[in-house]
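Architecture at a glance
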Amino acid sequence: MDLDRPKPDLIIFDCDGVLVDSELLSCRCLSEVLAQFGLQLSVEQALELFLGRSTKAIEQHYRELGQILPGEFLPRLKARVLETFAGALQPIPGVGTMLSELQVPYCVASSSDLDRVSLSLEVTGLAPHFGDRLYTAQMVRHGKPAPDLFLHAATKMRASPSRTLVIEDSVSGVQAAKAAGMMVWGFVGGGHYRSRAGRAILSAAGADRVFAQMSDFWGA
């Protein structure tokens, strides 16, 4: 393991962009659904604004711009994402093998809704690795970058924050983990980082380490 610290008592995985290669798919869905309501947002802009954030963050963003999204927006977005994931979602390469070899307790903590996380793990064959150890922003008052979700997951898993490692792909997730007093490694192996400087982005956000392949999970 990297760093002069022993292996953690708990590993918390983000889901989107860490376990499943979903971020480009979900941002395309967001762009398409917003366009149905006359709002233009490119996939690149969606990644920049909402990577690692919950749907509440989307609504708040437009509210601050003086635009209230209609009531049917979220149901339509959710349906589009679930339909897209069911047909096209893939796991991050090597993640199943890595999880099978882990000898540390682990769980998921995601900004996505529970049904989306569950579908993502089912479609990609990862669900058996996690069972019911799934925690989402629906379960806390404040989503990432607030520390609430990671602290909730650690409490449920009976682990100390100082002995917890978080695996994240977003700035908001890295910030949330650091605010929770946890070690955090940035992962840049998802498709959304092929044309972005992921290492620099996540290092600047405070990641203790950044890696790009699940086969290199524990490092040299």
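Everything below is about the structure shown above.
So, here is what we can say about the structure in this document. Worth saying up front: this structure is predicted, and the values here are computed from it rather than measured.

Further remarks concern the side chain of S111. Topologically, S111 is positioned in the loop between β2 (106–110) and α6 (114–123). By relative accessible area, which is 9% here, S111 ends up buried. What S111 contacts, discounting residues up to four positions off in sequence, is G52, R53, S54, A137, K144 and L149.

Listed in full, the buried residues belonging to helix α2 (residues 43–50) are V43, A46, L47 and F50. Burial along α2 is one-sided: seen end-on, the buried residues are contained in an arc of 105°. Projecting away from the buried face of α2 at angles above 90 degrees are the exposed residues E44 and E48. In this fold, the buried residues of α2 make contact with α1 (23–36) and α3 (55–64). Looking one or two residues beyond α2, the residue adopting positive phi is G52, at roughly 80°.

Attention now moves to the environment of R63. Its location among the elements puts R63 in helix α3. Sequence separation of R63 and R76 is 13 residues, and the distance between their C-alpha atoms is 18 Å.

This next bit is on the sheet that holds strand β6 (residues 209–211). Across the sheet, which stays open at both edges, the six strands sit in the order β3-β2-β1-β4-β5-β6 with parallel pairing between neighbours. Each edge of the open sheet is held by one strand with a lone partner, namely β3 (134–136) and β6. Shown here is a sheet whose adjacent strand axes are inclined to one another by a mean of 25°, direction ignored. Pairing of strand β4 (residues 164–168) with strand β5 (residues 183–187) involves four bridges; the strand directions are parallel. Bridging across to β5, I167 finds its partner in W185. Along the sheet, helix α10 (residues 198–205) contacts β4, β5 and β6; its crossing angle with β6, the most-contacted strand, is approximately 155°.

This part covers the packing of aromatic side chains. One pass over the full model with this rule turns up eleven aromatic pairs. Their ring planes at 35° and their centres at 6.0 Å tell us that F13 and F217 sit as a pair that is tilted. One end of the pair, F13, is in strand β1 (residues 10–13); the other, F217, is in the segment after β6, and 204 residues separate them in sequence. The exposure classification of F13 matches that of F217, with both residues buried. Above the plane of the ring of W185 lies R209, whose end atom (NZ or CZ) is 4.6 Å from the centre.

This part is about the environment of L89. The topology assignment puts L89 in the loop between α4 (73–88) and α5 (95–101). Assessed through its relative accessible area of 4%, L89 is described here as buried. As for L89 and T164, which are separated by 75 residues in sequence, their C-alpha atoms are 28 Å apart. Ignoring anything within four residues of it in the chain, the contact list for L89 reads V20, D21, S22, L25, T84, S120, V123 and T124.

Reading guide: rules and limits
Residues numbered from 1 in each chain as written. Predicted model: local features only at pLDDT ≥ 70, side-chain atom pairs only at ≥ 80, totals over all residues. Heavy atoms only, no water. Helix = DSSP H or I, 4+ residues; strand = E, 2+ residues; numbered from the N terminus. Buried < 20%, exposed > 50% of the residue type's maximum accessible area, 1.4 Å probe, protein only. Contact = heavy atoms within 4.5 Å. Arc of directions from axis to C-beta. Pairing = 2+ DSSP bridges. Axes fitted to C-alpha atoms, helices over the stretch in contact; angles between N-to-C directions. Phe/Tyr/Trp six-rings, centres within 6.5 Å; stacked < 30°, edge-to-face > 60°. Lys NZ or Arg CZ within 6 Å of the ring centre and 35° of its normal.

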